[in-house]
Amino acid sequence: MDNKSNIVIYGLSTEGYVIASNLAKTNVDVTLIDEKLQVATEITADTVKNYSSAKDLMENESLLGILPLDQVLSNSQIIFVTPKLRKNSEDAKTELISIFSKIAQTIKKNSILFNCVPQGLGVNNEIIEIIKRNSGLDVGDFTYVYSPLFARTSNSLSLGVVPISNNKHVEKLLKQSNIKFEQIVDVELSERIYTNRILNTHANLSIQFETFKNSVKVNSKEDTFQIFNTEIYIDDLLDGIHDVKQINYSLDSGLPLHYISSGIIRNVEGSIRVIVDNIKQKIKDEKLKPSRTKIILFWRIDKFEIRGDKIMMLEKFISKLEDIVGEVQILTDFSIRHNISQSTFSREKHNFVLLCSKADYNYVNKHKNTIPSNSILVKANELLDIIQNK
């Protein structure tokens with residue numbers, strides 16, 4: 001690829017900024033489009049040095065130069081689509097199709113379009129047909145790449161290209177973008193590889209959570225985790241729920257995969273109720289008065305990642321916790337030390353500290369000496385382990 005090529009990243013998400021950063025470091029001209037504000041900003045190697053994440057960039061975006069959106073799109077033949085989706089399955093699909101419809105009106109012959117957003121079966125064919133209709137081009141005049149990314153990374157869950165004959169050119173772009181992938185196949189097969197990977201992973205998580213939830217007769221909780229070599233936090237269950245919902249929405253009811261994906265969704269939604277009920281019981285067992293208890297959630301959530309379902313589920317989770325106690329506080333970004341200071345905790349009430357992921361547990365465990373004595377530390381996993389009861 002010519003180093004003077006202009007590449008557009010359509011979507012100011014964590015994943016989009018990772019790709020933009022990787023490209024900018026190779027001295028490629030990169031433009032990042034904020035899909036909400038509909039403004040474009042040039043990303044350079046200096047930008048990457050000054051802003052390490054999409055969050056940092058967004059907080060200081062007013063300081064950066066703004067470029068004409070239509071001109072940016074019409075001048076680029078390489079576009080990565082990485083928007084933040086904050087709607088339900090049907091509306092998220094509609095929003096993504098709208099983005100490709102807009103892009104297709106400006107693309108030229110030999111353009112390469114990368115769809116980095118997780119999709120259900122058959123959705124990519126719908127998008128390709130819209131691109132053909134709105135651009136007047138046929139497959140071969142443009143190249144379409146399906147590369148759904150692991151959350152918050154530039155690693156691809158599967159990689160599909162149409163026409164597959166353009167795979168060598170696409171491979172060069174992927175390597176320059178530092179997008180990790182296993183193999184390049186056609187788009188339809190890529191969808192199926194992705195679907196198999198997602199449903200396998202989350203079916204196994206759901207089975208383990210469902211099997212051991214509410215377990216009180218396990219001889220050793222640590223033995224349980226050692227058998228499976230993992231413990232499942234609420235964050236693990238929700239991390240791929242967007243993908244499962246997109247797959248489920250694309251399937252006809254009655255199909256076996258629809259039953260499987262529906263079961264996973266029901267389990268994840270039910271896990272929220274299970275954890276809330278267990279919290280309520282733990283508070284009762286510890287003889288804490290709800291009115292004299294504050295729940296503090298440590299949950300490292302990236303509000304700029306492509307998938308938005310975790311954020312929407314968090315809002316429901318907090319609402320249910322507020323029905324139990326009078327005060328709930330959520331800490332989603334605690335890379336700065338003051339976020340775990342004494343001011344985080346109540347002096348007058350008991351602090352029920354809920355650790356929602358393994359990373360949150362590791363962080364709090366490292367700083368647990370700063371946590372006041374009127375606190376209970378609890379893992380938000382299938383067994384709701386109390387790890388510290390002061």
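Every chain is numbered independently, its residues counted from 1 as its sequence is written. Local features in this predicted model are restricted to residues of pLDDT 70 or higher, and side-chain atom pairs are both shown and tallied only at a pLDDT of 80 or more, whereas totals for entire chains, interfaces and linings draw on every residue. In computing side-chain properties, one takes all heavy atoms of the structure into account and sets aside hydrogens as well as water.

### A closer look at the overall build of the protein chain
Link 1 in the chain: Secondary structure elements are taken from DSSP: a helix is a run of H or I of four residues or more, a strand is a run of E of two residues or more, and numbering for both begins at the N terminus. The number of helices and strands found in the protein chain is 14 helices and twelve strands.
Link 2 in the chain: A compact globule built from 390 residues should have a C-alpha radius of gyration of about 21 Å, and the protein chain, at 23 Å, falls within 12% of that.
Link 3 in the chain: Its C-alpha atoms give the protein chain principal-axis dimensions of roughly 70 × 50 × 35 Å.
Link 4 in the chain: Accessible area is worked out with a 1.4 Å probe on protein chains only. A residue is then buried under 20% of its type maximum, exposed over 50%, and partly exposed in between. When burial is assessed residue by residue, the protein chain has 55% of its 390 residues classed as buried. Radius of gyration: C-alpha atoms only; globule rule: 2.2 Å multiplied by the number of residues to the exponent 0.38.

### Things to note about the pairing of strand 4 (residues 78-81)
Link 1 in the chain: Going residue by residue along strand 4, you find Ile78 and Phe80 tucked away on one face and Ile79 and Val81 tucked away on the opposite face as well.
Link 2 in the chain: The pairing criterion is simple: DSSP has to find at least two bridges between the two strands. The pairing of strand 1 (residues 6-10) with strand 4 spans four bridges and is classified as parallel. Of the residues in strand 4, the one forming a bridge with isoleucine 7 is isoleucine 78.
Link 3 in the chain: The definition of a right-handed crossover adopted here requires that, viewed with the strands pointing away, the path from the first strand over the helix to the second runs clockwise. Crossover connection from strand 4 via helix 5 (residues 89-104) to parallel strand 5 (residues 112-115): handedness right-handed.

### With respect to the pattern of salt bridges
Link 1 in the chain: By definition, a salt bridge exists where a carboxyl oxygen of Asp or Glu is found within 4 Å of a side-chain nitrogen of Lys or Arg. Going through the model one piece at a time under the given rule, you end up with 21 salt bridges.
Link 2 in the chain: Residue glutamate 231 is joined to lysine 358 by a salt bridge in which the shortest nitrogen-to-oxygen separation is 3.7 Å. Residue glutamate 231 is found in the loop between helix 9 (221-228) and helix 10 (234-238), and its partner lysine 358 is found in helix 14 (residues 358-366); the two are separated by 127 residues along the sequence.
Link 3 in the chain: Each of Arg152, Asp235, Asp239, Glu305 and Lys310 takes part in salt bridges that share partners, so that together they form one network.

### Some remarks on the sheet that holds strand 4
Link 1 in the chain: Sheet architecture is open: seven strands sit in the order 3-2-1-4-5-6-7, paired in mixed fashion. Only two strands of the sheet have a single partner each, and these edge strands are strand 3 (39-43) and strand 7 (160-162). Taking the axes of each pair of neighbouring strands and ignoring which way they run, one obtains an average angle of 20 degrees across the sheet.
Link 2 in the chain: Looking at chain direction, strand 5 and strand 6 (residues 143-146) are connected through four bridges and run parallel. By the bridge assignment, phenylalanine 114 is partnered in strand 6 with valine 145.
Link 3 in the chain: The sheet strands contacting helix 1 (residues 14-24) are strand 1, strand 2 (29-34), strand 3 and strand 4, and the helix crosses strand 1 at an angle near 165 degrees.
Link 4 in the chain: The sheet strands contacting helix 5 are strand 1, strand 4, strand 5 and strand 6, and the helix crosses strand 4 at an angle near 170 degrees. Between N-to-C directions, angles cover 0 to 180 degrees, with each direction set by a line fitted to C-alpha atoms, over the stretch in contact for helices. Here, residues are in contact when the closest pair of their heavy atoms is within 4.5 Å.

### Remarks on the nonpolar core
Link 1 in the chain: Counting residues in each nonpolar core, the largest one holds 77 residues, and the members touching the most others are Ile279, Leu297, Phe317 and Leu354.
Link 2 in the chain: Take this core: its biggest share by element is nine residues, from helix 12 (residues 256-285).
Link 3 in the chain: Ignoring anything within four residues of it in the chain, the contact list for phenylalanine 317 reads Ile234, Ile272, Ile275, Val276, Ile279, Leu297, Trp299 and Leu354. For the purposes of this section, nonpolar cores are sets of buried Ala, Val, Leu, Ile, Met, Phe, Trp, Tyr and Cys residues that join through side-chain atoms within 4.5 Å.

### Regarding the environment of isoleucine 371
Link 1 in the chain: Among the secondary structure elements, isoleucine 371 is positioned in the loop between helix 14 and strand 11 (375-379).
Link 2 in the chain: Between the alpha carbons of isoleucine 371 and asparagine 351 there is a distance of 9.4 Å; along the sequence they are 20 residues apart.

### With respect to the side chain of lysine 349
Link 1 in the chain: As for its position among the elements, lysine 349 is in the loop between strand 9 (327-331) and strand 10 (350-355).
Link 2 in the chain: Polar contact criterion, stated in full: a pair of N or O atoms within 3.5 Å, where within protein one must be able to donate a hydrogen and the other to accept it, and residues adjacent in sequence count only if both atoms are side-chain atoms. Within the structure, the side chain of lysine 349 is placed 3.3 Å from the side chain of glutamate 327, a separation counted as a polar contact.
Link 3 in the chain: In this structure, lysine 349 is in contact with Ser291, Arg292, Thr293, Lys294, Glu327 and Asn374, ignoring residues within four places of it in sequence.

### Focus: the packing of helix 5 against helix 6 (residues 123-135)
Link 1 in the chain: Two elements in contact, helix 5 and helix 6, have axes whose closest approach is 8 Å; the angle formed by their N-to-C orientations is 30 degrees. By the angle class used here, helix 5 and helix 6 are roughly parallel. Here the hand of the crossing between helix 5 and helix 6 comes out right-handed. Residue-level inspection shows Lys93, Leu96, Ile97, Phe100, Ser101 and Ala104 of helix 5 in contact with helix 6, the latter providing Val123, Glu126, Ile127, Ile130, Ile131, Asn134 and Ser135.
Link 2 in the chain: Each residue receives one of three labels: charged for Asp, Glu, Lys and Arg, nonpolar for Ala, Val, Leu, Ile, Met, Phe, Trp, Tyr, Cys and Pro, and polar for the others, Gly being one of them. Residues that form the contact of helix 5 with helix 6 fall into these classes: eight nonpolar, three polar and two charged. Each angle gets one of four labels, with under 35 degrees taken as roughly parallel, over 145 as roughly antiparallel, 65 to 115 as roughly perpendicular, and the rest as oblique. Handedness of a crossing is defined here by the sense of rotation of the near helix relative to the far one, left-handed for an anticlockwise turn of less than a right angle and right-handed for a clockwise turn.

### As for the pairing of strand 2
Link 1 in the chain: In terms of burial, strand 2 is a largely internal element, five of the six residues being buried.
Link 2 in the chain: Two elements, strand 1 and strand 2, share five bridges in a ladder whose sense is parallel. The residue bridging valine 8 from the neighbouring strand is threonine 31, located in strand 2.
Link 3 in the chain: The pairing of strand 2 with strand 3 spans five bridges and is antiparallel. Each residue of the ladder has a partner; that of valine 30, found in strand 3, is isoleucine 43.
Link 4 in the chain: The hairpin turn running from strand 2 into strand 3, its antiparallel successor, is four residues long, and glutamine 38 in that turn takes a positive phi close to 55 degrees.

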